[in-house]
Structure formats: C-alpha cells, structure tokens
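Architecture and fold: a report
One-letter residues, chain by chain:
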Amino acid sequence: MKKRDYYLTVISLILLVIFLYFADRYMDAYIVRILNLCAIYTVLGLSMNLINGFTGLFSLGHAGFMAIGAYTTAILTLSVNAKAQNFFLEPIAAPLANVVLPFFPSLLLAGILAALAGFLIGAPALRLKGDYLAIATLGFAEIIRVIFTNTQNITNGALGLKGIPAYTNLWWSYGIAAFTVLFMVLLINSSYGRAFKAIREDEIAAESMGINLFKHKVMSFTIGAFFAGIGGGLLGNLLGTIDPAMFKFTLTFNILLIIVLGGMGSITGTVISAFVVTISQEALRFLDQPMDLGFIVIPGVAGMRMVVFSILLMLVVLFYRHGLMGTNEFSWDRLINILSFKKPLLKGGKK
Amino acid sequence: MIKMTSEMFLQHLANGISLGSLYALIAIGYTMVYGILRLINFAHGDIFMMATYFAFFGVFFGLPWYVSFPITIILTIILGMTVELAAYRSLRDAPKISIMISAIGASFLIENLAIVIFGGRPKAFPTEELFTKVVHIGNVSVQRLTFIIPVVTAILLIILLYLINKTKTGMAMRAVSKDHETARLMGVNIDRTISITFGIGSALAAIGGVMWGLKFPQIQPLMGVMPGLKCFIAAVIGGIGNTTGAVIGGFFLGVSEIMLVALLPGLTGYRDAFAFIILIMVLLFKPTGIMGEKISEKV
Amino acid sequence: MEMLKTDGITMQFGGLTAVKDFNLVLNKGEIVALIGPNGAGKTTAFNMITGVYIPTKGKIYYKGKDITQMAPHNITKLGIARTFQNIRLFKDLSVLDNVLIANHLHIKSNLFEALLRLPKYKNEDKKMLKKSLDLLEIVGLLDVKNEKSSSLPYGMQRRLEIARALATNPEVLLLDEPAAGMNPKETEDLTKFIKQIRDDFDLTIFMIEHHMQVVMGISERIYVFDYGITIAHGNPNEIQNNQRVIEAYLGVDDNA
C-alpha cells in the first residue's frame, strides 16, 4: 500500500471513531438506530456477496443463517428471568434455562452455529447448479424457519422472544462491520479469493486449472453463513424482539437488493449500498404513512415502500446490471480524481 | 399414527386428489417456462394469486361467474405475457443470475402492488352454490368441487398434451426448449413461442386459481407464495421441463401432504416444510426427477 | 518413459458412440497430434483424459497410475493440463489474475495462513506472482497484464490460455486447436512456440489441430480419428500417404 494511502486510511478510521463517539453520546436514538442498521446490513450484505457475488453461487438461504444467529444470541443473552417470562407456554429446555453468556461469546457462538449449518447444508446442496441450488437453499431456509416455529421449548415457537438485551450499540456494530470489511478484503485478495472468483467466472475452466470446486464452494458458503449468523445476532440484540416470521424470504430479498444495487462483485459497492438502501428504506417510510401537506392529506398506502424498492431492483437488473460499482473497488486514487474533477491522463502523460 | 375409518380415508384421499390437481395445474406453468427459458418464474405463484383477485372483482362488480371466470383467464394471460415481456425478454442473453433476480423482483413487485391496491387484509372469495354444494356418497361427504377439480384438470391436460404433441405451435415449443438458436434457424418465431408458453401457463394458473378460490375461499396478496414454491417443487419432483412430470409431481405432493397431516396430525405445523424436505431428497438422489432428462453442458 | 496411456477407452452418450476403443501412448518429451474431421470425437478424447467425462469403457494411466475415475482437479494436480477449443478464460478477471489462479492448486498455506498474511503465505504469494509474470513475459503478454482478459484480441487470448495451463506446472500439456483462427504468420510463431515450451518446460505435448502446417511441422506421431474410430497412427509421412486418411478428409471419389 502506498504511504499516502496508508495515512489516508488511518485518518479516515480515526474520524469514524470520533464520529461514532459523538453519535453514541449526543445523537437522537432514532438516528442511532438507523446507523446501527446500516452497519448490520453491511455485515449481512458482505456475507451474502461473498457467496453470491464473488463465488457466483446462487444461494437464497441467507435468512436461515441469520435466524440461527439471532436465536443463538437471543437465547444466550436473555437473563434467566426474562427466559422464564418468555417461555410461558412451555418452559425452555433444561440445559438452556440457566445459561447466560456475555455478548461477545454469544455472537461468536451464533456465527459458529450458523457456519456449522452452512457446512451441513452446503455439503449436499452445493453439488447442485444454478437454479437448483437457489431453490434448495431457499428450501433449507424455509425448513429452518418452520422448525423454529415448531420447537416451542427451544425457540418459543411462533411467539418469538421478547426483551432481548439491547447490547448492540454503535461500537459493536461498526466494530464488527469494520472487521468484516477487513476480512473480506484480505480474503478476496488472497489466492483463495481468486479461486472463488474463478469458480464464478467459469467452473469448468477453474476445475481444469486444478481448483477443487466442491471444497472451495463449501468454504465460501460456510464463511458467508458465519457472518450472516453474526449479523443476525447483532440484529436480534438491536431490535429486542425476534420471531420466526421475521426470517421469511423477504429478508433475503432485502439483502439481495443491497448487493445487486451495489454491484455483486464489489466490497465497496456492498458497503455503500447497505447505507443507501437502509437509509432510503427509512426515508421512504413516509410513503406508507399519510402525508400531511397542510392543505391536503395524502393517505398513506401500506406497502408502497416495498413497491418502490421492487421497481428499483427491476430497473437495476434490467438496465444497470452491474450495479453501482460493478466489480470495482474503492481506491484513494479514484476518489481524489473524482473530487478534483481531474481527467485521467492520456497515454504519454498528455492531459 | 392415528386410526382412521375407511370413510375418513376416502375423504382425505379425495381432498388430496383435489389439492394435487390444483398443484398440477400451477406446476405445469413452472415446468413449461423452465423448459423453454431455463428460468424459475418466481412470479408464477403471484400470477395465480392475481387470478383469484380478478375473479373476485368480476363477481364483486356483479358479473355472473360464467362471465367473470373466462374474463379472469384472459386477464391473467395478459398479465403473464406482460411479465415475460417486461422482466425477462431483454435478459435472455444476460448471465443467468440477472434473470433470476428479475424474476424475484417481479414476484415482489406484484405482491406489493397487490397489497397496495387490494389491501393486505384477506378477502372472501365468492362461493358458487353450483360448485360448493355438498354431495353425500355413502358416509363420505364432499363438495361437488372436489370432483369437478380433477375432472377439469384431466380435460385441460388432455387438451394440453394434444397441443404440445400434435400441433405446430406445440412442436415450436418443444424445439425452443431444446435449442433456441437451432429453432430460430428453422424459422420458429422465438418471441412468439415464448409468449404463447407464458400465456398457456398463465391460463392454467388462472383456472387453478379460480378453483382454489372456490375451495379455499380466503384470498390475500401473499397467498401465492407457498403454493408457488410447492408447485415448483412438484415440477422438480416430476422432472423439470417435463409436462407430464409436473402433473405427476403435483398429484404426488398434494396427496402426500394431505395424507401426512391426516395420519400424523402432530406434524401439522411441518406441513409446509414437508414439500421442501421432499425437494431436498429429490435433488440429492434423483435431481432429474421422475420423468426427467439430463441436460448436459458442452465442454 | 510412458507418460500417458489409454487402454481401449470408449465414450458412449446414450446411443451415440463418440469415441471407440482409443489406445493412446504418450512418451516423455514427445509432441503427438490428434487429427480428424470435425465431430470425430477428438475433444471428447481430451475430456476423458482430463476427467471431464468418465469413459464408458477402458482405462487411462498416467505414469502407470490409474486415473480413469479421477476428478478433473486431481488430474490437473497430478500433472496434466489443458486448453479449450472454445477459449475458456476467466473473462471478467485480468490477464494476470487468470494466470495467478492457475497457481492455486499447489498452494500449501491454508485459509487462515492466507487471511493473516503469515510469512509462509506471503512467500508463496510472491513466488506465484513471479512465476506468473515470467510466464506472461514468455508469451508476450506482460504489457497487458492488468487488462480484462476478455478485452484481448483473439490470438492473445489463445496465448493466455496456454500461459494459464503452464502455470499449473504440468508434465503433460493437452492443446485443443491452439492455432484456430490464426493467420499464417501467427501459426508459424505458434509452431516455434510449442516446440520451445516443450524444450524449456520439459513437457510432453498432445494436441488436436486442423492446421496441417503445425501438425506436419512439429508432430513426431499422429493419430487420426474418424467418427470416433482411430483410422490411422504413425509419423507425419505415413499419415500423409495413408489412403484412409485422405478419404476421411476429402471423401471418396465416386468415379475412382
């Protein structure tokens, strides 16, 4: 990395930390919540982009991994009392009743369990190609959801869990988001990351160049599931309540929207898109509510927000298939060029 | 496993066959589109849902059922063909993942438009005395509908098989399923053939939707999601791309779903997961399905 | 030394026999060609050797080891590399990345070592980079190393495919129509090039080719396919004068 780039990156990170400090202390709770969601969706977007965007596997099962993560942290961080209150229909299974862990180990376990599920699901499912893989992963996510809806003594079934401690704050969410970005950058730029991209580009050629397709697909899938689990955990401890209905296909769709908009082969794109989409989804909430323009009140139309987002997704996939960034990544060079309206030099150094 | 009288068994079987017929009608739409475009038309279930609303509004505005239902079919055909034109046509040569995302987007768009236009609250589908009158055979009581559905399905199937195997249009459809380029070189109008395929699939979904509405009279914008997924699974079980297979898959799924819940009522909550479990089994052990042919890639 | 040997391999797709009873022997250092009209089953034979298809009948041996049922990536690891008739580059990736990827199969660092950029991995990465750059220089593509591979002109794409295959450290190299689409000058360069890499990299080369210039120019032995059957096998001179070969390519004269 160039010296200049190194310093610029460090300065940016310091600025981010300062911003987070002030946001945490002084900003309105609503805005803080949105900021948290942006970071969480960054993690979720990156985890899905690894599998779908970089390795080219069409996996639609992300909501399942998130559910596993969210329920794991919820069950582990709920106090003994809160657990008893939640599980009034049927008491929680004995070994879990008294287990209470701090946030970090709970999150870690969430990720690990989700990764384990990813491995177990991946082993059979990843032998399938294209559409079949999509439907199989969708199926697995649904199976997980249905299981969670029916295991009254572990997940509290359809009632869900309430009163989950609000451990997710800006430090946790942005800290983990930053770690995820770093992890993905290191992974994608390593030989293993290149192998993933090769699989996306042309499986047969990749295999002929000696790449073990199955091993690498499972690797990518499992890592993606790990971060999806952690994202799910962060989400649960932010929202305070979770239930199986939250983890329907709509959730996977939202993340798919984020990675398509940002550009499926770009880490930068996913990060930017996570922020843009999360903020827009909040900003466009007004479409669902009545609008008081003083002289006239336009009645809110429930669901209009999602119509707008569906149209947006269609427009992007039909006309801007590569999304915002395509497969390009952020570089300080590019940013500086954009900011100073500099035209790139032609060959020979002429302007 | 609960004990069951033979009457109850027959009742459940009749329901299973009815449900299976409905699944079959919808599954055919999936399998035909997959055969011709290698695309899972995620929006198909939502087209089925829209059909029920078309029928609802037809009757709502005072039209008798024998006017409203045919209009429903026409409207649904138009809808299905519009979706193909808007969401899929321009992406035919794009990477597979783009068209799949477009399908998901179209599905979500239709669902959310339905929520916006019709409201999210369920509506009551009009009941038609003609169909819902209960008939008693021995100790078994079923609605007339329970017989009508399989009969209608069988008739439609015969017409469809005739269409596919004995007409020029059908031959065009089969040709395009095999190879777009070659079919084009042989003078087949690809765009028209694909449109017709969507049209037929939508028509069948419309008829299925109307009968579904008569049998399960509560309609809501998201009612197409689960049946849509299940019917795609039915198509896979039967061998994706194969019309007869879709029918076999539909019946298999419908009957086994009903029987499962009937014999093991403790598993009712897992009713929906059942289809997915079967799907996974099929994909793992016989991905080409019951009637399937292997589609190989040239290296 | 016998590098590759096939023992009566046959490939049947349903009712169609694409390749029937093919007996191949490749000795170390040889350049051997496989020729025949289009659709004769030549690429199918390649696909069987590289593990893409499993032969319906027969066995394949690499340096004495039975590789008939082996998966393609393992066959490549053993030392057999290939190029494709219809170029299969990693289109969206750079020229350099295409070659770098072909180094991955021999990597010794595991995922964690790579992620943490431990010295063991960094060393390997450095070596892979150097090797890839060297290969690009040999094929004359060093200047375009950061270009998207799909943006290269056709001839350069073919060269890149060869560089990529070489990066896997093969002992046996299978070239599927390397001269396809090349003009006479390029073909001449390619002919020299194949000979050179055989010498420099200590390779055994088996190639499918239609350009007789290349085939007769550097092959030491030639196998001829027609409708999946081996109709002739010998040195260039024998093949050129073989009646059956001439008929297969030119057809039989009814008035003869």
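Here's what I pulled together on the structure shown here. (Residues numbered from 1 in each chain as written. Chains lettered and ligands numbered in written order. Predicted model: local features only at pLDDT ≥ 70, side-chain atom pairs only at ≥ 80, totals over all residues. Heavy atoms only, no water.)

Quick look at the overall build of chain C now. If you tally the helices and strands in chain C, you get 10 helices and 11 strands. Relative to the 2.2 N^0.38 estimate, which gives 18 Å for 256 residues, the radius of gyration of chain C is 19 Å and therefore close to what a compact globule would have. Its C-alpha atoms put chain C at 75 × 40 × 35 Å along the principal axes. Looking at chain C as a whole, 54% of its 256 residues are labelled buried. Taking all contacts inside chain C whose residues are at least 6 apart in sequence as the whole, residues at least 24 apart take part in 68%. Averaging the coordinates of the 31 positive side-chain charges in chain C and doing the same for the 31 negative ones gives two points 8 Å apart. (Helix = DSSP H or I, 4+ residues; strand = E, 2+ residues; numbered from the N terminus. Rg over C-alpha atoms; globule rule 2.2 N^0.38 Å. Buried < 20%, exposed > 50% of the residue type's maximum accessible area, 1.4 Å probe, protein only. Contact = heavy atoms within 4.5 Å. Lys, Arg positive; Asp, Glu negative; His and termini not counted. Charge placed at Lys NZ, Arg CZ, Asp CG, Glu CD.)

Another aspect to go through is the overall build of chain B. Scanning chain B for helices and strands turns up 12 helices and 4 strands. Scaling as 2.2 N^0.38, a compact globule of 299 residues should have a C-alpha radius of gyration of about 19 Å, and chain B matches this with 19 Å. The principal-axis extents of the C-alpha atoms in chain B amount to approximately 60 × 50 × 35 Å. With 299 residues in all, chain B has 54% of them scored as buried. Per element, the accessible surface of chain B, about 12900 Å² overall, is 68% carbon and sulfur. A gap of 4 Å separates the mean positions of the 21 positive and 14 negative side-chain charges of chain B. (Areas by Shrake-Rupley, 256 points an atom, 1.4 Å probe, with all protein chains shown as cover.)

In many analyses, interface size is given as the accessible surface area lost on bringing the parts together. Between chain B and chain A, the residue contacts involve 42 residues of the former and 41 residues of the latter. For the pair chain B and chain A, the two sides together bury roughly 3500 Å², of which 82% comes from carbon and sulfur. Taken as a group, Ile 101, Phe 108 and Val 116 of chain B account for 17% of the area that chain B buries against chain A, more than any other trio of residues on that side. Linking chain B with chain A are 0 salt bridges, by the criterion used here. For the interface between chain B and chain A, the tally reads 0 residue pairs in polar contact (both at pLDDT 80 or more). (Buried area = accessible area lost by both parts, 1.4 Å probe. Salt bridge = Lys/Arg side-chain N within 4 Å of Asp/Glu carboxyl O. Polar contact = N/O pair within 3.5 Å; in protein donor to acceptor, adjacent residues only side chain to side chain.)

What follows covers the layout of surface pockets. The space that makes up the second largest pocket amounts to roughly 2200 Å³. Lining of the second largest pocket is provided by 45 residues; of these, Val 181, Val 185, Thr 268, Glu 329 and Phe 330 of chain A occupy positions nearest its centre. At the level of secondary structure, the elements contributing two or more residues to the lining of the second largest pocket comprise α1 (3-26), α2 (29-54), α9 (170-188), α10 (191-201) and α14 (267-283) of chain A together with α3 (95-101) of chain C. The leading source of residues in the lining of the second largest pocket is α9 of chain A, at 8 residues. The class makeup of the residues in the lining of the second largest pocket is 24 nonpolar, 11 polar and 10 charged. (1 Å grid on protein atoms, 1.4 Å probe; cavity = no way out; pocket = protein on both sides within 12 Å on 5 of 7 lines; lining within 4 Å. Points joined across faces, edges and corners; volume = space filled by probe spheres on them. Nonpolar A, V, L, I, M, F, W, Y, C, P; charged D, E, K, R; others polar.)

Our next topic: empty space enclosed by the protein. Residue and element names in this part refer to chain C. Taken as a whole and judged by the stated rule, the model has 1 cavity of 30 Å³ or more. Considered as a void within the structure, the largest cavity measures approximately 30 Å³ in volume. Around the largest cavity, the lining residues are Thr 83, Arg 158, Glu 161, Ile 162 and Pro 178. Partitioning the lining of the largest cavity into residue classes produces 2 nonpolar, 1 polar and 2 charged.

Turning our attention to the pattern of salt bridges. All names here are of chain B. A full pass over the atoms with the stated rule returns 26 salt bridges over all chains. Here Glu 181 and Arg 184 are joined by a salt bridge, their closest N and O atoms 2.8 Å apart. In this pair, Glu 181 and Arg 184 are both assigned in helix α8 (residues 180-185), 3 residues apart and thus about one turn of the helix distant. What makes Glu 181 partly exposed here is its relative accessible area of 45%. Of the residues examined, Arg 184 reaches a relative accessible area of 43% and is grouped as partly exposed. We note a salt bridge from Glu 257 to Lys 230, for which the minimum N-O separation is 3.2 Å. Pair noted here: Glu 257 is in helix α11 (residues 243-263) and Lys 230 is in helix α10 (residues 225-238), with a separation of 27 residues, a long-range link. The class for Glu 257 is buried, based on a relative accessible area of 1%. Each of the salt bridges in this network shares a partner with another, and the network as a whole consists of Glu 84, Arg 89, Arg 92 and Asp 191.

With respect to the secondary-structure elements, Gln 281 of chain A resides in helix α14. Looking at Gln 281 of chain A, the relative accessible area reads 15%, which means it is buried.

This part takes up the environment of Phe 253 of chain A. Counting through the fold element by element, Phe 253 of chain A comes out in helix α13 (residues 249-262). Along the primary structure Phe 253 of chain A and Leu 313 of chain A are separated by 60 residues, whereas in three dimensions their C-alpha atoms are 10.0 Å apart. Apart from the residues lying within four places of it in its own chain, the contact partners of Phe 253 of chain A are Met 306 and Leu 313 of chain A together with Ile 104, Gly 105 and Phe 108 of chain B.

Here the focus is the packing of aromatic side chains. Taken as a whole and judged by the stated rule, the model has 35 aromatic pairs over all chains. Aromatic pair Phe 48 of chain B and Trp 212 of chain B: ring centres 5.4 Å apart, planes at 85°, arrangement edge-to-face. With a gap of 164 residues between them, Phe 48 of chain B in helix α2 (residues 44-60) and Trp 212 of chain B in helix α9 (residues 190-215) connect regions that are remote in the sequence. Taking the centre distance of 4.8 Å and the plane angle of 80° together, the rings of Phe 22 of chain C and Phe 225 of chain C count as edge-to-face. In this pair, Phe 22 of chain C sits in strand β2 (residues 16-22) while Phe 225 of chain C sits in strand β10 (residues 221-226), placing the two residues 203 residues apart along the sequence. Neither Phe 22 of chain C nor Phe 225 of chain C differs from the other in exposure class; each is buried. Its end group placed over the ring of Phe 214 of chain A, Arg 127 of chain A keeps NZ or CZ at 4.6 Å from the ring centre. Taking NZ or CZ as reference, Arg 164 of chain C lies 4.7 Å from the ring centre of Phe 90 of chain C, over its face. (Phe/Tyr/Trp six-rings, centres within 6.5 Å; stacked < 30°, edge-to-face > 60°. Lys NZ or Arg CZ within 6 Å of the ring centre and 35° of its normal.)

On to the pairing of β10 of chain C. All names here are of chain C. Counting buried residues along β10, 6 of its 6 residues qualify, which places the element largely inside the surrounding structure. Alternating positions in β10 separate into two faces, Arg 221, Tyr 223 and Phe 225 on one and Ile 222, Val 224 and Asp 226 on the other, with burial throughout. Two strands pair when backbone bridges link them, and strand β4 (residues 31-35) and β10 are joined in this way by 4 bridges, in the parallel orientation. For Ala 33, the partnering residue across the bridge sits in β10 and is Ile 222. As consecutive antiparallel partners, β10 and strand β11 (residues 229-234) are separated by 2 residues, and within that stretch Tyr 227 has a phi angle of approximately 50°, a positive value. (Pairing = 2+ DSSP bridges.)

All names here are of chain A. Together, Tyr 6, Tyr 7, Val 10, Ile 11, Ile 14, Leu 15, Val 17, Ile 18, Tyr 21, Phe 22, Tyr 26 and Trp 171 make up a nonpolar patch on the protein surface, roughly 1200 Å² of accessible area in all. At 11 residues, the largest contribution of residues to the nonpolar patch is made by α1. By the secondary structure assignment, Val 10 is in helix α1. By relative accessible area, Val 10 is classed as partly exposed at 33%. (Patch = residues over 30% accessible without salt bridge, like charges linked within 9 Å, V, L, I, M, F, W, Y side chains within 5 Å.)

For the rest of this paragraph, the subject is unusual backbone geometry. Residue and element names in this part refer to chain C. The phi dihedral of Asp 21 is positive, around 55°, even though this residue is not glycine. Among the secondary structure elements, Asp 21 is positioned in strand β2. One non-glycine residue, Arg 117, lies in positive phi territory at about 50°. Considering the arrangement of structural elements, one finds Arg 117 in the loop between α4 (111-115) and α5 (119-138). A residue is classified by how much of its surface remains accessible, and Arg 117, at 24% relative accessible area, is partly exposed.

This part is about the packing of helix α3 (residues 65-88) of chain B against helix α4 (residues 96-118) of chain B. Residue and element names in this part refer to chain B. Two numbers describe how α3 lies on α4: the axes approach to 10 Å, and their chain directions differ by 130°. As judged from the angle between their axes, α3 and α4 are oblique. Classified by chirality, the crossing of α4 by α3 is right-handed. Side by side, α3 and α4 meet where Val 83, Ala 87 and Tyr 88 of the first sit next to Ile 99, Ser 102, Ala 103, Ala 106 and Ile 110 of the second. Of the residues contributing to the contact of α3 with α4, the split by class is 7 nonpolar, 1 polar and no charged. (Axes fitted to C-alpha atoms, helices over the stretch in contact; angles between N-to-C directions. Parallel < 35°, antiparallel > 145°, perpendicular 65-115°, else oblique. Left-handed = near helix turned anticlockwise from the far one by under 90°.)

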